[in-house]
Amino acid sequence: MAKQNENYPAVCVTKSISVYPKSLSPQKILNLSNLDRQCPLLMYLVFFYKPTFDCQNLSLDYVFSSLKSGLEETLSIWYPAAGRLMSLNPSDRKLNIWCNNKGAILVEALTRVKLSELGDLSQYNEFFENLVYKPVFNGNFSEMPLVVAQVTRFACGGYSIGIGTSHSLFDGPATYDFLSAWACNSAIKKRKGVTVSDHQPVHERGLMVLDNISHVHNAGTVKSPVAAARAAAIDHLYQLIKNAMINSQNSEVGGLNFSEMGSSNYVLKTFHLSGAIVESLKRKVLGERRGNFSCSSFELVAAHLWKARTKAFALKKETMVCLQFAVDTRNKMVPPLPKGFSGNAYVLASVALTAGELEELSHEAIVEKIKEAKNSINNEYVNAYIEALDAPQGSLPPLKELTIVSDWTRMPFHKIDFLNGEAAYASPLASPIPQVAYFMQNPSDLRGVDVRIGLFPQTLDAFSHYFLSNLH
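Fair warning: this is a prediction, and the values are worked out from it, not measured in the lab.

Quick notes on the rules
- Residues numbered from 1 in each chain as written.
- Predicted model: local features only at pLDDT ≥ 70, side-chain atom pairs only at ≥ 80, totals over all residues.
- Heavy atoms only, no water.
- Salt bridge = Lys/Arg side-chain N within 4 Å of Asp/Glu carboxyl O.
- Helix = DSSP H or I, 4+ residues; strand = E, 2+ residues; numbered from the N terminus.
- Buried < 20%, exposed > 50% of the residue type's maximum accessible area, 1.4 Å probe, protein only.
- 1 Å grid on protein atoms, 1.4 Å probe; cavity = no way out; pocket = protein on both sides within 12 Å on 5 of 7 lines; lining within 4 Å.
- Points joined across faces, edges and corners; volume = space filled by probe spheres on them.
- Nonpolar A, V, L, I, M, F, W, Y, C, P; charged D, E, K, R; others polar.
- Phe/Tyr/Trp six-rings, centres within 6.5 Å; stacked < 30°, edge-to-face > 60°.
- Axes fitted to C-alpha atoms, helices over the stretch in contact; angles between N-to-C directions.
- Parallel < 35°, antiparallel > 145°, perpendicular 65-115°, else oblique.
- Left-handed = near helix turned anticlockwise from the far one by under 90°.
- Contact = heavy atoms within 4.5 Å.
- Pairing = 2+ DSSP bridges.
- Polar contact = N/O pair within 3.5 Å; in protein donor to acceptor, adjacent residues only side chain to side chain.

Asks: When you look at the pattern of salt bridges in this model, what are you seeing that I'm missing?
Replies: Charged atoms that come close allow side chains of opposite charge to pair. By the definition in use, this model includes 13 salt bridges. With a closest N to O distance of 3.7 Å, aspartate 61 and lysine 15 form a salt bridge. Highlighted residues: aspartate 61 in helix α3 (residues 60-77) and lysine 15 in strand β1 (residues 11-19), separated in sequence by 46 residues. With a relative accessible area of 47%, aspartate 61 lands in the partly exposed category. The exposure class assigned to lysine 15 is partly exposed, which follows from its relative accessible area of 28%. When salt bridges with common partners are traced through the structure, they connect Lys15, Asp61 and Glu108 into a single cluster.

Asks: So what exactly am I meant to see when it comes to the layout of surface pockets here?
Replies: Where empty space is left can be seen by rolling a probe of water-molecule size over the atoms. In this structure, the second largest pocket encloses a volume near 850 Å³. What lines the second largest pocket is a set of 33 residues, among which Asp328, Tyr346, Asp407, Thr409 and Arg410 lie closest to the centre. Every element with two or more residues in the lining of the second largest pocket is listed here: α4 (172-185), α9 (297-312), β10 (320-328), β14 (437-442) and β15 (445-455). Tallied by class, the residues present in the lining of the second largest pocket amount to 16 nonpolar, eight polar and nine charged.

Asks: Explain the packing of aromatic side chains here, please?
Replies: The geometry of an aromatic ring pair is captured by the separation of the ring centres together with the interplanar angle, meaning the angle of the planes. Under the counting rule described, the total for this entry stands at 20 aromatic pairs. Plain terms: the ring middles of tryptophan 78 and phenylalanine 170 are 5.5 Å apart, the flat faces sit at 85° to each other, and that makes the pair edge-to-face. Highlighted residues: tryptophan 78 in the loop between α3 and β4 (84-87) and phenylalanine 170 in the loop between β8 (159-166) and α4, separated in sequence by 92 residues. Judged by its relative accessible area of 7%, tryptophan 78 is buried. Look at phenylalanine 170 and you get buried, because its relative accessible area is 4%.

Asks: Just checking my understanding: could you explain the packing of α9 against helix α11 (residues 363-375) for this structure?
Replies: One can describe the packing of α9 onto α11 by two numbers: an axis separation of 9 Å at closest approach and a directional angle of 115°. Here α9 is positioned roughly perpendicular relative to α11, judged by the angle of their axes. Taken as a pair, α9 and α11 cross one another with a handedness that is right-handed. Along the contact surface, α9 presents Phe298, Glu299, Leu300, Ala302, Ala303, His304, Trp306 and Lys307, while α11 presents His363, Ile366, Val367, Ile370, Lys371 and Lys374. Broken down by class, the residue content of the contact of α9 with α11 amounts to eight nonpolar, two polar and four charged.

Asks: Sorry, what's going on with the environment of glycine 164 here?
Replies: Structurally, the position occupied by glycine 164 is in strand β8. As for glycine 164 and alanine 149, which are separated by 15 residues in sequence, their C-alpha atoms are 6.2 Å apart. With residues near it in sequence (within four places) discarded, glycine 164 still touches Leu42, Met43, Tyr44, Leu146, Val147 and Val148.

Asks: Where do I start with the pairing of strand β13 (residues 425-428) in this structure?
Replies: Look at any regular strand and the pattern is simple: side chains alternate between the two faces of the sheet. Side chains Tyr425 and Ser427 of β13 all project onto a buried face; the interleaved residues Ala426 and Pro428 project onto the opposite face, where all are buried too. Where strand β3 (residues 42-49) meets β13, four bridges bridge the pair, whose relative direction is antiparallel. Within β13, the residue paired with phenylalanine 48 across the bridge is tyrosine 425.

Asks: I keep staring at the sheet that holds β4 and nothing clicks. Help me out?
Replies: The strand order across the open sheet formed by three strands is β2-β5-β4, and the pairing between neighbours is antiparallel. One side of each edge strand has no neighbouring strand; the edge strands of this open sheet are β2 (28-30) and β4. Between one strand axis and the next, the sheet turns by 45° as a mean value, whatever way the strands run. Two strands pair when backbone bridges link them, and β2 and strand β5 (residues 95-99) are joined in this way by three bridges, in the antiparallel orientation. The partner of leucine 30 across the bridge, within β5, is isoleucine 97.

Asks: Whenever I open this one, the environment of arginine 153 confuses me. Can you help?
Replies: The residue arginine 153 is located in strand β7 (residues 147-153) in this model. Other than its neighbours up to four places away in sequence, arginine 153 contacts Cys55, Gln56, Leu58, Leu60, Ala109, Leu110, Thr111, Gly158 and Tyr159. Separated by 3.0 Å, the side chain of arginine 153 and the backbone oxygen of leucine 58 make a polar contact.

Asks: Just to check I follow, could you spell out empty space enclosed by the protein for this structure?
Replies: Scanning the model with the defined rule gives two cavities of 30 Å³ or more in all. Within this model, the largest cavity holds a volume of roughly 100 Å³. Around the largest cavity, the lining residues are Leu45, Trp408, Met411, Pro412, Phe413, His414, Tyr425, Ala426, Met440, Gln441 and Pro443. Of all the secondary-structure elements, those providing two or more residues to the lining of the largest cavity are β13 and β14. Tallied by class, residues from the lining of the largest cavity come to nine nonpolar, two polar and no charged. By volume, the second largest cavity amounts to about 50 Å³. Together, Leu268, Pro428, Leu429, Ala430, Ser431, Ile433, Pro434, Val436, Tyr438, Arg452, Ile453 and Gly454 line the second largest cavity. Top contributing element to the lining of the second largest cavity by residue count: β15, with three residues.

Asks: Whenever I open this one, the side chain of threonine 329 confuses me. Can you help?
Replies: Mapped onto the fold, threonine 329 is located in the loop between β10 and β11 (346-354). On the accessibility criterion, threonine 329 (0% relative accessible area) is buried. Within the structure, threonine 329 has its side chain in polar contact with the backbone oxygen of alanine 345 (distance 2.6 Å). Apart from residues lying up to four places away in sequence, threonine 329 is in contact with Met208, Ala345, Val347, Ile377 and Val382.

Asks: Sorry, what's going on with the sheet that holds strand β9 (residues 267-273) here?
Replies: Strand pairing in a sheet takes place through backbone hydrogen bonds and is either antiparallel or parallel in direction. A sheet is described by the order of its strands in space; here six strands give the open sequence β9-β15-β14-β12-β10-β11, paired in mixed fashion. A strand with exactly one partner marks an edge of an open sheet, and here the two such strands are β9 and β11. Going across the sheet, the axis of each strand differs from the next one's by a mean of 25°, ignoring polarity. Here β10 runs beside β11; their pairing, made up of nine bridges, is antiparallel. Directly across from alanine 326, in β11, lies its bridge partner leucine 348.

Written as C-alpha cells, this is what we have:
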C-alpha cells in the first residue's frame, strides 16, 4: 500500500474551521449508556465522488461552503454532535456528553493525485488516511471534537469527503441518519429542492442507561431481575480471554501470541461476493431443502466466514472458538426504543463451539445456531449486557479464537449524496478493533456483499483460500 510520502504527493490542507450549530441549544449533560462508553474514539468513513460533469463544475470553495452551511443546520437538531465528552465523577471516570455547542471541525484540502491512481476504491489504501482530519488527542476527551470532516479535491476534479464521528455519539444506523440529514441540508442538495425528512432524532438514552434500568426493576415493572439473566457474549468473551492468557503463557516460541498480534500488524482486505456467488452458495448449502429452510445472506456468509477464518488459524480441535455479531436492539427492548433513537443500540450475540465441532458442522447447522443466538436477544439479555459493561473495561486483546461480524448492508452509505450523485464507494478506515468483519453493500452489485476484514499477514493466504474456494 502506498504511503503519502512515498508514491503519492502530499495532501495540502488549505482551510480548517470550527462549525457551530446555526441555532444554539441550552447547555446540558446527556447521560450516556454503557453501550455508548465502549468506544469513545472517532470512527472514520471516506466517501469518494468521481469526476462527473456536474461534479467537475463544482468549485472546492462552493463545496466547502455547502458542507459548512449544511452542518450548521444539522448540528442545530443533532446538538450532542456539537458537544464534548466529559467525566462528571473522577472516581468512576464514566463519560457523558456535555452539550456545550463547541462545534465540529471542517477542513478543506487539495491533492495532485487523481482518483484513478488509487485503483480499486473498495480496497483499503494507506493514502486514505490523509483524506480525514485527525485531531491531536492527549487523553483529554473534553478537548476532542465529536464530529470532524475533510473535503479534498483531486486533480481530476473528483472529491473525497472523509468524516469521523465519535462512536459514543452514534451507532451505525444513527450515523447513517445523521450523515443523510447533513447531505440533505447542504446548499447543493437544497438547490435541487431536496428536503430533510420529518424523521427527528431522539438523543436521550432512556432505558439504555443503567440507572434507568435499575429504576424500572425496582418499580417491579419487569418480571425477571437483571441478575437472573446472562449475556452469552460477555460470558464467552471472558472465557476466551482466560483461555488465551493460559495458552500464551504455555506457548512455545514461534506461535502467534499477544505481542505479535498488535493492531498495527493487520492487513485490511475487502472480499467481494457477488450476488450470483451468494445465490450459488445458498443453492449449494440448502440443496433440496431450500423450500423448507431459509436463511439470510448475512447468516450464510457469516457462517462461511467463521469456518474459513477459524480454519486459517489451524487451531487445535478442542479449542473454544466463538462467532459474535452485532444485533440492533431498537425493537428488542420493552418498550421498544423510540423511532429516531440516536445512541448506541447494538449488543453482541454469540455462538461458541470447539474448532473441531465448527469444522464438522454443515453451513446449515451453523446458520441454525446463528438464528438461535439472534433470537436470544431480548429485553433481559440487553439489560444483563449493559450491566456487565458497568465493570471496569480494558481494551480487547486480539484473539484468533474470536470472529466478530458487523452487518452494514442495511446502511448503504454510498447512497448518501453530498455532491451531485451517489458516491463511487464509501470506505471505512481501520477501526479500533481491526479484526472485525464488516458486511457492506457494493455500489455496483446491490445483491452482493463486500466483506472488509483485518487479517494477520501470515493468515491472509490461508483465509483467502478457504473463504473463496468452493463458492460456486
